[in-house]
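Single-letter residue listing:
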Amino acid sequence: MQRTRTFGLLVLTALLVTLYTLTNSGRFHIIDEVSLFAITESQALRGAIDTNAIAWTQWVNSPGEVLGAFGPEGDVYSKKGPAPAFLAVPWYLLFHIFTELNISIGQLQTTLLWNGVVTAVTAALLWLTARQLGYSDHTGMVLGLLFGLATIAWPYANQFFGEPLSALSLLTLFYGLLTWRRSGDWWWMALAGVGAGVALATVAAHAVLILILIGWAAVDRWVQRRPVRREEMPGNNLFQRLAPAAALAAPILLAAALLMLYNFVRFGNPFDTGYHFDAGEGFTNPLLSGLWGLLLSPYRGVFWHTPLFIASLAAFVPFAQRHRSEATLIALLSAALVTMYSLWWMWWGGFAWGPRFLTPLTPFWVLPLAIVIEPLTTSLTTQSASSAKAKGARPTHFPSAQSKIAASPEELLEAGEQLSFVRPLRSALVWLTGVLALLSFIVQLAAVSVNFVNYEIQLRSLYPTDWNDPLRYGPPAQSLTDFFNSPVFGQFKLMTQGFVVNSDLGWLWAEGEPLQTVVLWLVLLIGGAAVITLTGFLALWWRMAAAPQRPTDSIAAPTFALVVLAPALVIATWAGEVGRQPHYGRKDAGYRAIIRDICRTVSPTDVFVNVAPNSYQIPMNWMPGECKIDIPTYGYALDSMRHPETESVMNRLIRQHDRIWFVTSGVQPNDPDNTLERWLAENAFKAVDTWYEDYRLLQYATGVRLGGIEERPINQALLGRRAEQVTILSVRSPSVATAGKPIPIEIRYRLEAPTDQNLRWFVQLLSGQNIPLALLDTGPDDNYTVFSALPAREELVERAGVLVPENMPEGDYSLIAGLYNPDDEGARLITIDGPDFVLLGAVRVVRQP
């Protein structure tokens, strides 16, 4: 029987993972997800914990909406609990193996499938939890499907939030305590402790729920007053008696210690989580307002977004009659979490689907439906068993509403009283549950089919924010008079406005002018075949679980393998196809072409800085696969250098890295609003500036290679035909350069007399035959000023970079510099001795190791 149950659990998990993959958009919905993903990326690629890749998120509408906080050195760290990001690292690295093999799949897109696995495992664990309460495997399967496909768990399985892990970890804690209560084995308490530790590291506020669960277990044990059986704790020594408590406490204490260490490393304070309580965040919302919003409002009311929970309420009374202790626990957990987030300043969870913060309660709210489903599944299995008996086979017994695992006579009597109460209402409850389950399924299917963010944006036009005080922003559609403006109806409005243009399915989108529909038919074909196959396996399992006893090898190993292979094949097909989404750029064009070119010559001493906040997803998706060397990424906004934290970071970067790759999006060179480029002009040495459609790629050398190099006197004057006179005073440049890297060159000069001529610099790397092999053409101060605006008779500095070609042979070369006048037919200024350039010195080129 255990083998059959294992097969059923595997089928349930595989079916849900397949459906979640097919309904995954492969893209972020709100910036909270990006913040968590940035931790996963940093940890997986560099063993770091920063979110510098999205540093621009620190400067938004209000301090309370900031997704992170600055560390002592200006680095950005997410305020989100770290467990969801850290536990996704193995999943990230699994697909990174394939991208390292030059298999073109999107690293970001595949990582977004992770919560689908988490949610599917939660559904399987809900089944096992129902078993611990005495319900049949058939009931467990139905509960798992209801949780996975008829609650808000489905939409959040397709997003990179921490709530799915909260649901799994809290249910793990409950399951561990429940199983320990029946078996007495200490390792179940260890499992409960792991669940509690993960829950704490996901959301620190879950400590309240953890205390409730542990307190419930302690009180329940005391109320039962059941003496410890010998088989539970052999022997009589103190260690054996304390083992369960120690097994429970150890993972919790470890998680708390690691969480404090995590905070200390980031902020220098073990109790600083990164939340901005002094800027408006906190539990400051009126309680009744939050309760209305989370439970009943059209905007976020849980019963609108998951109508199935109305049936859960109806089933709660008979469930409580049979499981008084567990029902009390569910009520306490619900009251605590709903109250907590009703008080939270942004109780609606930002741009989200339904009451995001209540997602951890979904498995607990589905569990009471077992009391309604059990008689139905028992009836169905009895019919199957009767059919089998008619063929001469012995029926398999399953625990039902009349029998519990290890039920005592008192428990059986209580169950009988409960059933006599429920019997007149059973039919009504079954129909109510069935209708609401179907309605909930439709609501969740709509939620994952079209992008709910599009309707959230429309709501902002109906209920505008007061940008003078964004923290006072009131969420829309709060009144019952706004019923038809609810996001639940909004999904269907989006469908009527255009299903394809609002699609949130990774295999369906519109692109081009005029718009054309793109359908990834291979994903649909493989996915549809997998769903049909797994549904067939589910039907097979249902019959086998209800059939007479069979040999334990009745389910062959290849059948198990096929169940595992089906979702794996769907994921592989999906991952290989959805990279074509225009949201992630076109291959070998624009930003993706920049990433390709960076990764061809990247080295461990490089760093990547960008001012492209609307395209952050492109390097996140493709750079880990393109680059064999992973380098730190810093993503800023145009005005970020106005903040001291950014300046602190940039000063550190030019001390630690010898090359900066810099990307801008939609910004012209020397744009006065681009504070990062202006700062780099003053502190680094630009060697390359190339357009890729609407993006620019710039390469800067830093002063790292100039460390310890003294100025070499030059003292040569350059004279122009229009009385221009500039004296090259000295130069600093390295004597050794690496092929494929820029050479930093610092030229000190003096304008001897004011001029109205707008001269330009040229710097060249010459072969032994004086053939230019690399060059830079620039105006003074990296084109941020002109010669006619420079002061005369003052020492000035020009920072230039020359990119050594990657294929340049090793050997000795010469560096020269000079000036020319583009307004005088490009005539070069000449020295007193006649040459039209100044020799800066020799440089030896070596190959990269």
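Residues numbered from 1 in each chain as written. Predicted model: local features only at pLDDT ≥ 70, side-chain atom pairs only at ≥ 80, totals over all residues. Heavy atoms only, no water.

*Asks:* What is the right way to read the nonpolar core from this model?
*Replies:* One broad rule of soluble globular proteins: the nonpolar side chains tend to lie buried together. Among the nonpolar cores identified, the biggest contains 175 residues, and L143, F174, L367, L369, Y591 and M620 are the most heavily contacted of them. Broken down by element, this core gets its largest block of residues, 11 residues, from helix α1 (residues 2–22). Of all hydrophobic cores here, the second largest spans 34 residues; its members include L751, V763, V802 and V804. (Core = buried A, V, L, I, M, F, W, Y, C linked by side-chain atoms within 4.5 Å. Buried < 20%, exposed > 50% of the residue type's maximum accessible area, 1.4 Å probe, protein only. Helix = DSSP H or I, 4+ residues; strand = E, 2+ residues; numbered from the N terminus.)

*Asks:* Before we go on, may I ask you to explain the state of the cysteines in this structure?
*Replies:* The term disulfide refers to a covalent linkage connecting the sulfur atoms of a pair of cysteines. Applying the stated criterion across every chain, the model contains one disulfide. A disulfide bridge connects C599 with C627, and the sulfur atoms are separated by 1.9 Å. One quick way to see it: the torsion about the S-S bond of C599 and C627 is about -75°, and its sign makes the bridge left-handed. Here C627 lies in the loop between α25 (617–626) and β6 (633–635) and C599 lies in helix α24 (residues 590–601), a separation of 28 residues in the sequence. For the pair C599 and C627, a shared accessibility class is recorded, and that class is buried. (Disulfide = S-S within 2.5 Å.)

*Asks:* Help me understand empty space enclosed by the protein, please; the structure alone is not making it clear to me.
*Replies:* A probe as big as a water molecule, rolled over the atoms, marks out the empty space that is left. Tallied over the entire structure, the rule returns six cavities of 30 Å³ or more. Empty space within the largest cavity amounts to approximately 250 Å³. For the largest cavity, the lining is made up of 21 residues, of which E41, L45, M623, I631 and T633 are closest to its centre. Contributing elements (two or more residues each) for the lining of the largest cavity: α2 (31–46), β5 (606–611) and α25. Residue composition of the lining of the largest cavity, by class: 12 nonpolar, five polar and four charged. (1 Å grid on protein atoms, 1.4 Å probe; cavity = no way out; pocket = protein on both sides within 12 Å on 5 of 7 lines; lining within 4 Å. Points joined across faces, edges and corners; volume = space filled by probe spheres on them. Nonpolar A, V, L, I, M, F, W, Y, C, P; charged D, E, K, R; others polar.)

*Asks:* Would you explain the sheet that holds strand β7 (residues 659–665) in this entry?
*Replies:* Backbone hydrogen bonds hold the strands of a sheet together, and the pairing may be parallel or antiparallel. Taken in spatial order, the five strands of this open sheet run β6-β5-β7-β9-β8, and their pairing is mixed. Two strands lie at the open edges of the sheet, namely β6 and β8 (685–692), each paired on one side alone. On average, each strand axis in the sheet is inclined to that of its neighbour by 15°, with strand direction left out of account. The sheet contact formed by β5 and β6 spans three bridges and is parallel. Looking across to β6, one finds that V609 is bridged to Y634. (Pairing = 2+ DSSP bridges. Axes fitted to C-alpha atoms, helices over the stretch in contact; angles between N-to-C directions.)

*Asks:* Hey, could you run me through the sheet that holds strand β13 (residues 742–751) in this one?
*Replies:* The strand order β10-β11-β13-β16 describes an open sheet built from four strands, whose pairing is antiparallel. Because the sheet does not close on itself, it has two edges, and the strands there are β10 (712–719) and β16 (795–803). With direction set aside, neighbouring strand axes in the sheet form an average angle of 30°.

*Asks:* How should the pattern of salt bridges be read in this particular structure?
*Replies:* One side chain can pair with another of opposite charge once the charged atoms of both are near each other. As enumerated under the stated definition, the model contains 38 salt bridges in all. The partner of D32 in a salt bridge is R356, with the nearest N and O atoms 3.8 Å apart. Of this pair, D32 sits in helix α2 while R356 sits in the loop between α16 (324–343) and α17 (362–366), placing them 324 residues apart in sequence. R356 carries the same exposure label as D32, and that label is buried. Here R300 and E456 are joined by a salt bridge, their closest N and O atoms 2.9 Å apart. Placement of the pair is R300 in the loop between α13 (287–295) and α14 (302–305) and E456 in helix α20 (residues 452–462), with a sequence separation of 156 residues. Overlapping salt bridges, with partners in common, bring together D606, D658, R659, R705 and K741 in one network. (Salt bridge = Lys/Arg side-chain N within 4 Å of Asp/Glu carboxyl O.)

*Asks:* It is not clear to me how the environment of V564 should be interpreted in this structure. Could you clarify?
*Replies:* Position of V564 relative to the elements: it lies in helix α23 (residues 557–577). You can call V564 partly exposed: its relative accessible area is 47%. Along the backbone, V564 and L10 are 554 residues apart, and their C-alpha atoms lie at a distance of 7.6 Å.

*Asks:* I'm lost on unusual backbone geometry in this one. Help?
*Replies:* Most peptide bonds take the trans configuration, and most residues that are not glycine carry a negative phi. The omega angle of the peptide bond from E513 to P514 is -5°, so this bond is cis rather than trans. Not every positive phi belongs to a glycine, and N715 is a case in point at roughly 50°. Note on placement: N715 falls in strand β10. The backbone of A723 shows a phi angle near 70°, a positive value even though the residue is not glycine. Topologically, A723 is positioned in the loop between β10 and β11 (725–732). Residue class for A723 comes out exposed when judged on its relative accessible area of 66%.

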